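# Structural characterization, general
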Amino acid sequence: MKKLLIVAIVLLIAVLMVLTVPDKAAHKEAMMKAIKEYVDEEATEKFGDNVLTKLGKGVVTKTVELALNSKLKVNNYGLFNTTSVRYDGKDQLLSVGLFGTVITFDKEMLREKLEEAAKAKEEAISEKEAAKQSERELKKLQREQRKREKELAREQKRKEKEARKEAKRREKEARRAAKQKEKEARNQ
């Protein structure tokens, strides 16, 4: 009897979990609440509480909301679900939903994730800049190589031209010498 009661309770809990799995809107709402709290706290702490800060907070919140609308992916596992966003080729877990409740990042976890994202972006930018610098250096070396090749080609042409001139001069001298010998031969 105890086993049957335990099985019934487990089945009842499983059915309850299936029936109370939160939808995408609930996940988005919970995340937006956490993000809004974080943005409000950070903006007020750094910039004070004024009209521009409020406007900036609204813009940031709307931007994040639009990003969540397009990028948020719900992974349903029957008894519970999770949401994730694809970032840098990996799925980043954002929230877990079960029993009608969404468990999302707290402000500290959100701060850490945003700092990680900012750091990753900075690293990507610095890698991109390093790649551009390497590309510029490579192009410079290639230009210098082409310049040297052109100089060598010009030098080769100059030497060939001098060699042709020298050959013509020798040929002329040989003709002169032949004429001179011919003249001497006639005179004798």
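Conventions adopted
Residues numbered from 1 in each chain as written. Predicted model: local features only at pLDDT ≥ 70, side-chain atom pairs only at ≥ 80, totals over all residues. Heavy atoms only, no water. Pairing = 2+ DSSP bridges. Helix = DSSP H or I, 4+ residues; strand = E, 2+ residues; numbered from the N terminus. Salt bridge = Lys/Arg side-chain N within 4 Å of Asp/Glu carboxyl O.

## Some thoughts on the pairing of strand 3 (residues 90–98)
Here four bridges tie strand 3 to strand 4 (residues 101–104), and the two strands are oriented antiparallel to one another. Directly across from Leu98, in strand 4, lies its bridge partner Thr101.

## A closer look at the pattern of salt bridges
Pairs may arise between side chains of opposite charge once their charged atoms sit close together. By the definition in use, this model includes nine salt bridges. Close ionic contact of Arg169 with Glu166 constitutes a salt bridge, the shortest N to O distance being 2.3 Å. Of this pair, Arg169 and Glu166 both sit in helix 4 (residues 107–187), three residues apart, which is roughly one turn of that helix. The closest approach of N and O atoms between Arg170 and Glu166, which form a salt bridge, is 3.3 Å.

## Some remarks on the environment of Leu72
You can see Leu72 is positioned in the loop between helix 3 (51–71) and strand 1 (73–76). Here the alpha-carbon distance between Leu72 and His27, two residues 45 residues apart in the chain, equals 9.4 Å.

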